[in-house]
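# Close look at the chain arrangement
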Amino acid sequence: MINMMIEIAATVIDVVFMIWFISRFHNISVFRKPLSLIWGALFLIYQLLIDQLLHGFELVTALGVIIVSVGYSLTLQRKKYLWSIFAGMLYVIVAMLSISLVYSVFSIFIENIDVAIYGTKSFLRIIYLIVCKLIQFGFYQFLLQIFKKEKTLAVSNGVFSFAFTFATAVGLGFLMKLAIEYPTSEIEIITFVLAFILVLLNLILYVMINQVQSLLKSKYDLMLLQDRMKFEKSRVEEVAAIWANIRQVKH
């Protein structure tokens, strides 16, 4: 039962990532096109069904996810269809690479990684999935810095955010290794608590950086507005001076 809930939660996060990343990639809010959320529902249903039939990111699963993500992207942005296809493919590629990367790294310093993440110790599976989602989120955020026209994060802040996310993932990996080497209830509790704290710090950092950038963007918009007002004021003064000269000539 617990394992099923874990997999459902991971699938829901994947759907949220798809909706969030592709909509931000196109800079189009899903609330402007609510019918596009149908693709998210289809993605959720498809993943829940396929998880019962296939384990891992098999070819059939990948093709289905590509169809759903590209369909969602095209629904949001139909005019630039090649760009939309690219966005949908990019989502799937990052998801696949994140899972492969985390699995490859963990298999280096954790023996019997398959037993650890697919075995009966569900909390280890939770940590593994958290690491995968953190790395996935970090990659998506980094790609938005590269391709998104209206950036919400400065490049330096984006790099810092990705580095912190990567460090969090590494820390969770070592916690997972510790829990495997010392399988006691106390270690399990400590590992789970520390994992929760690391993830919470990561989320807080992301929110803080976005808040700071939002304030900076507001400040930048205010400066543009002030410059515009100065320009209009100078034009008004010029027109007033010309009109004053005309009146003097008439008199």
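That block above? That's the structure.
In short, a report on the structure. (Residues numbered from 1 in each chain as written. Predicted model: local features only at pLDDT ≥ 70, side-chain atom pairs only at ≥ 80, totals over all residues. Heavy atoms only, no water.)

Moving on: the overall build of the protein. What the protein contains, in helices and strands, is 8 helices and 0 strands. Each helix and strand of the protein, placed in order from N terminus to C terminus, yields the pattern α-α-α-α-α-α-α-α. The 251 residues of the protein split such that 37% are buried. Taking as baseline every contact in the protein between residues at least 6 positions apart, the subset at least 24 positions apart corresponds to 76%. When the accessible area of the protein is evaluated, it comes to approximately 15500 Å², of which 73% is carbon and sulfur surface. (Helix = DSSP H or I, 4+ residues; strand = E, 2+ residues; numbered from the N terminus. Buried < 20%, exposed > 50% of the residue type's maximum accessible area, 1.4 Å probe, protein only. Contact = heavy atoms within 4.5 Å. Areas by Shrake-Rupley, 256 points an atom, 1.4 Å probe, with all protein chains shown as cover.)

Let's shift gears to helix H4 (residues 81-109). With 29 residues, H4 extends 43 Å between its outermost C-alpha atoms, agreeing within 8% with the 42 Å of an ideal straight helix rising 1.5 Å per residue. Listed in full, the buried residues belonging to H4 are Ser84, Ala87, Gly88, Leu90, Tyr91, Val92, Val94, Ala95, Ser98, Val102 and Phe106. (Expected span 1.5 Å × (residues − 1).)

What follows covers the side chain of Ser73. By the element assignment, Ser73 lies in helix H3 (residues 59-76). A polar atom in the side chain of Ser73 sits 2.7 Å from the backbone oxygen of Ser84. With residues up to four places along the chain from it excluded, the contact list for Ser73 reads Ile22, His26, Ser84, Ala87 and Gly88. (Polar contact = N/O pair within 3.5 Å; in protein donor to acceptor, adjacent residues only side chain to side chain.)

Here we come to the layout of surface pockets. By volume, the second largest pocket is sized at about 350 Å³. Along the walls of the second largest pocket sit 17 residues, with Ile13, Leu129, Ile130, Lys133 and Val199 positioned nearest its centre. Mapped by element, the contributors of at least two residues to the lining of the second largest pocket are helix H1 (2-26), helix H6 (122-147) and helix H8 (185-250). Per-element tally for the lining of the second largest pocket: the top contributor is H1, with 7 residues. (1 Å grid on protein atoms, 1.4 Å probe; cavity = no way out; pocket = protein on both sides within 12 Å on 5 of 7 lines; lining within 4 Å. Points joined across faces, edges and corners; volume = space filled by probe spheres on them.)

This part covers a positive patch on the surface. On the surface, a cluster of positive charge is made up of Arg32, Lys33, Arg78 and Lys79. Its location among the elements puts Lys79 in the loop between H3 and H4. Of the residues examined, Lys79 reaches a relative accessible area of 78% and is grouped as exposed. (Patch = residues over 30% accessible without salt bridge, like charges linked within 9 Å, V, L, I, M, F, W, Y side chains within 5 Å. Salt bridge = Lys/Arg side-chain N within 4 Å of Asp/Glu carboxyl O. Lys, Arg positive; Asp, Glu negative; His and termini not counted. Charge placed at Lys NZ, Arg CZ, Asp CG, Glu CD.)

Time to look at the pattern of salt bridges. Scanning the model with the defined rule gives 1 salt bridge in all. Where Lys133 meets Asp14, a salt bridge forms, and the shortest distance between an N and an O atom there is 2.6 Å. In this pair, Lys133 is assigned in helix H6 and Asp14 in helix H1, connecting sequence segments 119 residues apart. Like Lys133, the residue Asp14 is buried in the burial classification.

Between two aromatic rings, the relevant description is the distance of the centres plus the angle of the planes. Per the counting criterion, the structure on display carries 11 aromatic pairs. Taking 6.1 Å as the distance between ring centres and 25° as the angle between the ring planes, the aromatic pair formed by Phe17 and Phe137 counts as stacked. Of the two residues, Phe17 is situated in helix H1 and Phe137 in helix H6; the sequence distance between them amounts to 120 residues. With a relative accessible area of 11%, Phe17 lands in the buried category. Owing to a relative accessible area of 15%, Phe137 belongs among the buried residues under this scheme. Between Phe17 and Tyr140, the ring centres sit 5.9 Å apart and the planes meet at 75°, which makes this aromatic pair edge-to-face. Residue Phe17 is found in helix H1, and its partner Tyr140 is found in helix H6; the two are separated by 123 residues along the sequence. (Phe/Tyr/Trp six-rings, centres within 6.5 Å; stacked < 30°, edge-to-face > 60°.)

A few words on the nonpolar core. Here is a general trend for soluble globular proteins: nonpolar side chains tend to be buried in one another's company. Counting 26 residues, the largest nonpolar core has Met18, Trp20, Phe21, Tyr91 and Tyr140 as its most contacted members. Of the residues forming this core, the biggest block, 8 residues, is contributed by H1. With residues near it in sequence (within four places) discarded, Tyr140 still touches Phe17, Trp20, Phe21, Leu90, Tyr91, Val94 and Ala95. In this structure, Val102, Ile117, Phe123 and Ile135 belong to the second largest nonpolar core, which totals 24 residues. (Core = buried A, V, L, I, M, F, W, Y, C linked by side-chain atoms within 4.5 Å.)

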